[in-house]
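# Descriptive structure summary
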Amino acid sequence: MNKAELVSAIAKRADVPASTVDSVIDGLREELVEAITRGEKVAVPGLLTVERTQRSARTGRNPQTGESLEIAAANTVKVTAGSNLKKAASAVPVD
């Protein structure tokens with residue numbers, strides 16, 4: 001599902017104009033980016049939790065040459081599924 005399909009589905013379910021839904025999704029994206037930049041954790045109960053984490057420096061290996069190289073420490077984003085997403089995923093039979 002891409003953004004346009006998501007906007008359309010939410011607009012239909014909530015019975016609001018698609019332009020309103022699009023604005024809300026854009027606002028959510030901007031707020032998530034700003035919160036992560038500030039180092040804040042964002043939790044939407046039952047849906048997901050998003051937080052900034054730190055990855056330590058480590059030694060890696062170039063897969064083409066096998067040469068060892070140092071990978072610098074970095075900030076990254078951790079997204080954790082909430083209980084409702086986990087239930088939805090577990091309700092689908094495994095192929």
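Our structure is the block above this text.
Conventions and cut-offs
Residues numbered from 1 in each chain as written. Predicted model: local features only at pLDDT ≥ 70, side-chain atom pairs only at ≥ 80, totals over all residues. Heavy atoms only, no water. Pairing = 2+ DSSP bridges. Helix = DSSP H or I, 4+ residues; strand = E, 2+ residues; numbered from the N terminus. Axes fitted to C-alpha atoms, helices over the stretch in contact; angles between N-to-C directions. Contact = heavy atoms within 4.5 Å. Expected span 1.5 Å × (residues − 1). Polar contact = N/O pair within 3.5 Å; in protein donor to acceptor, adjacent residues only side chain to side chain. Patch = residues over 30% accessible without salt bridge, like charges linked within 9 Å, V, L, I, M, F, W, Y side chains within 5 Å. Areas by Shrake-Rupley, 256 points an atom, 1.4 Å probe, with all protein chains shown as cover. Salt bridge = Lys/Arg side-chain N within 4 Å of Asp/Glu carboxyl O. Buried < 20%, exposed > 50% of the residue type's maximum accessible area, 1.4 Å probe, protein only. Arc of directions from axis to C-beta.

Attention now moves to the sheet that holds strand E1 (residues 42-44). Strand order in the open sheet formed by 3 strands is E1-E2-E5, and the pairing between neighbours is antiparallel. In this open sheet, the two edge strands, each paired with only one partner strand, are E1 and strand E5 (74-81). On average, each strand axis in the sheet is inclined to that of its neighbour by 25°, with strand direction left out of account. Sheet topology note: the E1/strand E2 (residues 48-55) ladder contains 3 bridges and is antiparallel. Bridge pairing in E2 links Ala43 to Thr49. Lying over the sheet, helix H2 (residues 18-38) contacts E1, E2 and E5, oriented at roughly 35° with respect to E2.

Turning next to helix H1 (residues 3-14). For H1, spanning 12 residues, the distance from its first C-alpha to its last is 16 Å, which sits close to the expected 16 Å at 1.5 Å a residue. Measuring from the backbone nitrogen of Ala4 back to the side-chain oxygen at the start of H1 gives 3.1 Å, which picks out Asn2 as the cap. Remark: Asp15 follows H1 within two positions and exhibits a positive phi of approximately 55°.

Where nonpolar side chains cluster on the molecular surface, the patch consists of Met1, Leu6 and Ile10 and spans about 300 Å² of accessible area. Within the secondary structure, Leu6 is located in helix H1. Owing to a relative accessible area of 34%, Leu6 belongs among the partly exposed residues under this scheme.

Tallied over the full model, the rule gives 6 salt bridges. Put simply, Asp26 and Lys3 hold a salt bridge, and the shortest N to O gap is 2.5 Å. Of the two residues, Asp26 is situated in helix H2 and Lys3 in helix H1; the sequence distance between them amounts to 23 residues. Under the relative-accessibility criterion, Lys3 is labelled partly exposed at 39%. The salt bridge partner of Arg38 is Glu34, with a shortest N-O separation of 3.9 Å.

Moving on, we come to the environment of Leu47. Tracing the backbone shows Leu47 in the loop between E1 and E2. Overall, Leu47 belongs to the partly exposed group, its relative accessible area being 38%. Counting along the chain gives 38 residues from Leu47 to Ala9, while the straight-line C-alpha distance between them is 17 Å. Residues in contact with Leu47, not counting those within four places in the same chain, are Thr80, Ala81, Gly82 and Leu85.

Once that is clear, we can look at H2. The end-to-end C-alpha separation of H2 is 30 Å, in line with the 30 Å expected for 21 residues at 1.5 Å each. Taken as a whole, H2 has its buried residues at Val21, Ala35 and Ile36. Seen along its axis, H2 keeps its buried residues to an arc of 95°; they face one direction. Along H2, the residues that are exposed and aim more than 90 degrees away from the buried face are Ser19 and Thr37.

From the geometry alone we can't say anything about function, so treat these as descriptive.
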